[in-house]
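Commentary on secondary and tertiary structure
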Amino acid sequence: MKYKRYIQPGGTYFFTVVTYKRRKIFQDDEAILLFMKSVKHVMKNRPFEIPAYCIIPNHIHMIWTLPESDGDFPTRWRLIKSYFSKNWKQDHQKASTSSRGNKNEQMVWQRRYWEHYIRDDDDLNKHIDYIFYNPVKHGYVDAPSKWKYSSFLDYVEKGLYSIDWGLKMDTEYFRDIGSE
């Protein structure tokens, strides 16, 4: 059975993109900067907005809003992943084999990714909360404000979140959100 993605020009989507075998590729600034460079490179020819993001060592959460005339997020993700993979230094990767047994193939990403079409403002706000709380959920920090690889502090600066948001949160709030 072939998976069919919901494509909506001008749509807003929540994404989870995971590294191959959950390797912690994004645990240093160099990898994160290359990933952001990959995103900006693709945005030049295929624009979109990023209302929120968080980069965890083995996965990434992003919310994108696409142009009104364009809903092609699969091509954007393919180009971002490809640009990152081609530019990632070999000495940062451990040799691995693909499922086809090609010993020369360096795997960086899981083949698929999770996407969710954002239906309304409430859905958007819950997914932004989920993104910002994710480093706490995974035990990297005890507050979203302490994780530097997200857009949380941009929201604090704009007055949309308080700096102490996420302390002692009820994780049941996130029960029906995300895949990571």
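For the structure itself, consult the block above.
Residues numbered from 1 in each chain as written. Predicted model: local features only at pLDDT ≥ 70, side-chain atom pairs only at ≥ 80, totals over all residues. Heavy atoms only, no water.

**A few points about the sheet that holds strand β4 (residues 114–117)**
Across a sheet, paired strands are connected by hydrogen bonds in the backbone, their directions being either parallel or antiparallel. Taken in spatial order, the 4 strands line up as β2-β3-β1-β4 in an open sheet, and their pairing is antiparallel. On the outer flanks of this sheet lie β2 (49–56) and β4, each paired with one strand and no other. Recorded for the sheet is a direction-independent mean angle of 10° between the axes of neighbouring strands. For strand β1 (residues 12–18) and strand β3 (residues 59–65), the ladder comprises 7 bridges, and the chain directions are antiparallel. Of the residues in β3, the one forming a bridge with tyrosine 13 is tryptophan 64. Sitting on the sheet, helix α1 (residues 29–45) is in contact with β2 and β3, with an inclination near 155° to β2. (Pairing = 2+ DSSP bridges. Helix = DSSP H or I, 4+ residues; strand = E, 2+ residues; numbered from the N terminus. Axes fitted to C-alpha atoms, helices over the stretch in contact; angles between N-to-C directions. Contact = heavy atoms within 4.5 Å.)

**What about the pattern of salt bridges?**
Any two side chains of opposite charge can pair, so long as their charged atoms come close to each other. Scanning the model with the defined rule gives 7 salt bridges in all. The salt bridge involving aspartate 29 is made with lysine 148; its shortest N-O contact spans 3.6 Å. On the criterion of sequence distance, the pair formed by aspartate 29 in helix α1 and lysine 148 in the loop between α3 (121–137) and α4 (152–157) is long-range, its members being 119 residues apart. On the basis of relative accessibility, which here comes to 37%, the residue aspartate 29 falls in the partly exposed class. The exposure class of lysine 148 is exposed, given its relative accessible area of 55%. The partner of aspartate 70 in a salt bridge is arginine 76, with the nearest N and O atoms 2.7 Å apart. With a relative accessible area of 0%, arginine 76 lands in the buried category. (Salt bridge = Lys/Arg side-chain N within 4 Å of Asp/Glu carboxyl O. Buried < 20%, exposed > 50% of the residue type's maximum accessible area, 1.4 Å probe, protein only.)

**Remarks on the nonpolar core**
Ranked by internal contacts, the top residues of the largest apolar core, which has 47 residues, are Phe26, Phe35, Ile55, Trp64, Trp77, Phe84 and Phe132. Here this core gets 7 residues from one element, more than from any other, and that element is α1. The residues touching isoleucine 55, leaving out its near neighbours within four places in the chain, are Phe26, Ile32, Phe35, Met36, Ile60, Trp147 and Tyr149. (Core = buried A, V, L, I, M, F, W, Y, C linked by side-chain atoms within 4.5 Å.)

**Observations regarding the pairing of β1**
Taken across its 7 residues, β1 has 7 buried, putting it largely inside the fold. Neither face of β1 is exposed, since Thr12, Phe14, Thr16 and Val18 on one face and Tyr13, Phe15 and Val17 on the opposite face are all buried. Judged from the 4 bridges that link them, β1 and β4 form a sheet pairing that is antiparallel. For threonine 16, the partnering residue across the bridge sits in β4 and is tryptophan 114.

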